[in-house]
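Chain by chain, the residues run as shown.
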Amino acid sequence: MQSLTLTRYPTPISPPRLNLYPLRQIAASVLSAPTAGINRRDMASRHQSTSFKPLAVGRNLTGDDDDGYCTLIDFAGSGGGEGKNVGEDLVVLLYHLQHACKRIASLVASPFNSSLGKLSVNSSSGSDRDAPKPLDIVSNDIVLSSLRNSGKVAVMASEENDSPTWIKDDGPYVVVVDPLDGSRNIDASIPTGTIFGIYNRLVELDHLPVEEKAELNSLQRGSRLVASGYVLYSSATIFCVTLGSGTHAFTLDHSTEEFVLTHQNIKIPTRGQIYSVNDARYFDWPEGLRKYIDTVRQGKGQNPKKYSARYICSLVADLHRTLLYGGVAMNPRDHLRLVYEGNPLAFLVEQAGGKSSDGKRGILSIQPVKLHQRLPLFLGSLEDVAELESYGDVQQTVNPGYEV
Ligand SMILES: O=P(O)(O)OC[C@H]1O[C@](O)(COP(=O)(O)O)[C@@H](O)[C@@H]1O
């Protein structure tokens, strides 16, 4: 696997402020977060930024009317959603992961990324994966180095590596990741995203040879996910996550370099009025899918409204809109990957009250058999995805490969 060294990357990514402190100190401040919530004064002293006044954010965790705010790490440290006990290890892992995503956010917005974005690197592996772009590789290196630094990860399985990378024998977690999805859009500044899923390490496999346990740990069913999420790099950088208790989104505040809670407990509408698909492929679709789209376009479906089409062709961005507005985001051909795209996003959608499907069955119940396994993917509002599934024949089996 070809790799670029981060030191050669020309963008002046300044080290994050928090990294100036030893990890022990970060962990102590993170982990001493009071479970009852975090008030504004705590936050101000933690960030040494008394002038910061956040814009409207989601419900204050303290439950009072103070204009307090809550960062991703505070939120995770104080339970990550109702009735949850998020372990310290997971909070530390999230801390490092969000740090990686801040660096990727700088990278994709950098004036120096255009040459990196344009070049494709030929993959010599011959595996069933697209040729990675240098930006993908740099993002992959950033995530891997953050996961290593966390000390909490046994193995990372990434879109950018043929096989999983073993990191640490006693790391409690397994991370699956697509470091930079939608990078084909980067030259036009169209949104991109990072997708991740977190599993517990399967300790019962500890005795196996490294390669074998790395693979088996990475091929867990989505129903075993402990946490998952995406980071959307768009007009705002949004970190959307579930720790197994609801789906929550945090927006990067560039004045403090913190992800601040902006959408607590996202509930995807049970019905939407938008479908999201590359419908230039209409004539390659099976009968059922054509019928479904024809029906909802005309307002003749279960929801007697004419649907609109929206398709960015960037999975994270299309899903983010679907989470907020409802409807269904789909790619009916065998293109998206089960392990590091389908499963993490399905868990997130289901935690928001939505539904996931490959057209026939729920995504989270599928047993992966290989790391880069592809599948048709349908995610969205409960009733819209159920209606679509009821057409039966919705998976595109003709997949000639498309040039754009
Ligand atoms: O070409 P299609 O079928 O519309 O697929 C587009 C999808 O492919 C993706 O770009 C991912 O594919 P890559 O991993 O090859 O970039 C998604 O972001 C997007 O939703």
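Residues numbered from 1 in each chain as written. Predicted model: local features only at pLDDT ≥ 70, side-chain atom pairs only at ≥ 80, totals over all residues. Heavy atoms only, no water.

How we decide: UniProt positions are given in the numbering used here, feature names are shortened, and annotations may be inferred rather than shown by experiment.
With an unreviewed UniProt entry as reference, the chain is termed fructose-bisphosphatase, source organism Arabidopsis suecica. Taken verbatim from the UniProt record of the chain, the Catalytic activity (unreviewed entry) comment is "beta-D-fructose 1,6-bisphosphate + H2O = beta-D-fructose 6-phosphate + phosphate". Database annotation for the chain, UniProt heading Sequence similarities (unreviewed entry): "Belongs to the FBPase class 1 family."

**Quick word on the overall build of the chain**
Threshold: Secondary structure elements follow DSSP: runs of H or I of four or more residues count as helices, runs of E of two or more count as strands, with numbering from the N terminus. Between buried and exposed lies partly exposed: a residue is buried under 20% and exposed over 50% of the maximum accessible area for its type, with that area taken using a 1.4 Å probe on protein chains only. Any pair of residues with heavy atoms lying within 4.5 Å of one another is described as a contacting pair. Only the protein chains shown count as cover for residues, and the accessible areas themselves come from Shrake-Rupley with a 1.4 Å probe.
Tallying secondary structure elements over the chain gives 11 helices and 13 strands in all. Here the chain holds 404 residues, and 58% of them are scored as buried. Restricting the contact set of the chain to residue pairs at least 6 apart, pairs at least 24 apart contribute 67%. In the form shown here, the chain has an accessible surface area of approximately 17100 Å², with 49% of it arising from carbon and sulfur atoms.

**Things to note about the packing of helix H8 (residues 287-297) against helix H11 (residues 382-389)**
For clarity, the cut-off: Note on definitions: angles span 0 to 180 degrees between N-to-C directions of axes, and those axes are lines fitted to C-alpha atoms, for helices only across the stretch in contact. The scheme is simple: roughly parallel for angles under 35 degrees, roughly antiparallel for over 145, roughly perpendicular for 65 to 115, oblique for anything else. Each residue is assigned to one class: nonpolar for Ala, Val, Leu, Ile, Met, Phe, Trp, Tyr, Cys and Pro, charged for Asp, Glu, Lys and Arg, and polar for all the others, Gly among them.
It is at 9 Å that the axes of H8 and H11 come closest, and there the two elements cross at 135°. Regarding the angle of H8 to H11, the classification is oblique. Where H8 approaches H11, its residues Leu289, Tyr292 and Val296 are matched on the opposing element by Asp384, Glu387 and Leu388. In the contact of H8 with H11, the residues fall into four nonpolar, no polar and two charged.

**Points about the packing of helix H4 (residues 88-108) against helix H6 (residues 134-150)**
Each pair of packed helices can be described by the angle between their axes along with the distance between the axes. Operational definition: Left-handed describes a crossing in which the near helix is turned anticlockwise from the far one by less than a right angle; the clockwise case is right-handed.
Two elements in contact, H4 and H6, have axes whose closest approach is 8 Å; the angle formed by their N-to-C orientations is 155°. The orientation of H4 relative to H6 falls into the category roughly antiparallel. Relative to H6, the crossing made by H4 is right-handed. The segment H4 lies against H6, with Val92, Leu93, His96, Leu97, His99, Ala100, Arg103, Ile104 and Leu107 engaging Leu135, Val138, Ser139, Ile142, Val143, Ser146, Leu147, Asn149 and Ser150. Of the residues contributing to the contact of H4 with H6, the split by class is 11 nonpolar, six polar and one charged.

**Details of the pattern of salt bridges**
What counts is decided by this rule: When a carboxyl oxygen of Asp or Glu lies within 4 Å of a side-chain nitrogen of Lys or Arg, that pair is called a salt bridge.
Applying the stated rule across the entire model yields 13 salt bridges. The residue aspartate 358 makes a salt bridge to arginine 361 at a minimum N-O spacing of 3.1 Å. Assessed through its relative accessible area of 5%, aspartate 358 is described here as buried. Taking relative accessible area as the criterion, arginine 361 reaches 45% and is therefore assigned partly exposed.

**Digging into the domain arrangement of the chain**
The line we're drawing: Delimitation of the domains relies on an automatic or database domain assignment. Two parts placed together each lose some accessible area under a 1.4 Å probe, and adding up what both lose gives the buried area. Within 3.5 Å is the distance limit for a polar contact, defined as a pair of N or O atoms, with the added protein rule that one can donate a hydrogen and the other accept it, and that residues adjacent in sequence qualify only through two side-chain atoms.
Annotation of the chain at the domain level lists domain 1 (6-32 + 87-242) and domain 2 (274-389). Its largest share of buried area at the contact with domain 2, domain 1 owes to Leu219, Arg221 and Tyr230, together 22% of the area lost on that side. If you look at where domain 1 meets domain 2, you find one salt bridge. The salt bridge partner of glutamate 159 is arginine 337, with a shortest N-O separation of 3.1 Å. Linking domain 1 with domain 2 are 12 residue pairs in polar contact (both at pLDDT 80 or more), by the criterion used here. Element by element, the count of residues in the side of domain 1 that touches domain 2 is highest for strand E4 (residues 192-200), at seven residues. Considered class by class, the residues forming the side of domain 1 that touches domain 2 number 19 nonpolar, 16 polar and nine charged.

**Section: the sheet that holds strand E10 (residues 308-309)**
Put simply, the rule reads: Pairing between strands requires that DSSP locate at least two bridges from one strand to the other.
Reading across from one edge, E10-E9-E11-E13-E12 is the order of the five strands in this open sheet, with mixed pairing throughout. Strand pairing shows two members of the sheet lacking a second neighbour, E10 and strand E12 (355-357), which therefore form its edges. Where strand E9 (residues 274-276) and strand E11 (residues 328-337) come together, two bridges link them in parallel fashion. If you follow tyrosine 275 over to E11, its bridge partner there is valine 328. Contacts from H8 reach E9 and E11, with the element oriented near 160° to E11.

**Topic: the pairing of strand E8 (residues 258-263)**
Of the pairings in the sheet, the one linking strand E7 (residues 247-253) to E8 comprises five bridges and is antiparallel in character. Looking across to E8, one finds that phenylalanine 250 is bridged to leucine 261. Turn length for the E7-E8 hairpin, with the two strands adjacent in sequence and antiparallel, is four residues, and the turn residue glutamate 257 shows positive phi of about 60°.

**Some details on the UniProt feature "domain: Fructose-1-6-bisphosphatase class 1 C-terminal" (unreviewed entry) in the chain**
Those residues carrying the UniProt feature "domain: Fructose-1-6-bisphosphatase class 1 C-terminal" (unreviewed entry) are residues 268-391 in this numbering. End C-alpha atoms of residues 268-391 are separated by 22 Å, and the span's content is 35% helix alongside 20% strand.

**Brief notes about the packing of aromatic side chains**
As a reminder of what qualifies: Two aromatic rings from Phe, Tyr or Trp, using only the six-membered ring of Trp, form a pair when their centres are within 6.5 Å; if the ring planes differ by under 30 degrees the pair is stacked, by over 60 it is edge-to-face, and anything between is tilted.
Tallying each qualifying case throughout the model produces six aromatic pairs. For the pair phenylalanine 75 and phenylalanine 250, a centre-to-centre distance of 5.4 Å together with 65° between the ring planes defines the contact as edge-to-face. A residue pair is termed long-range when its members are at least 10 positions apart, and phenylalanine 75 in helix H3 (residues 72-77) and phenylalanine 250 in strand E7 qualify at 175 residues. Both residues of the pair, phenylalanine 75 and phenylalanine 250, count as buried. Ring geometry for tyrosine 282 versus tryptophan 285: centroids 5.4 Å apart, planes at 55°, classification tilted. Tyrosine 282 sits in the buried class, given a relative accessible area of 15%.

**Re unusual backbone geometry**
Positioned with a positive phi, serine 189 is a non-glycine residue whose angle comes to about 55°. By secondary structure assignment, the location of serine 189 is in the loop between strand E3 (173-181) and E4. Positive phi values are uncommon outside glycine, yet cysteine 313 reaches one of about 70°. Position of cysteine 313 among the secondary structure elements: in the loop between E10 and helix H9 (315-325). Given the relative accessible area of 27%, cysteine 313 is considered partly exposed.

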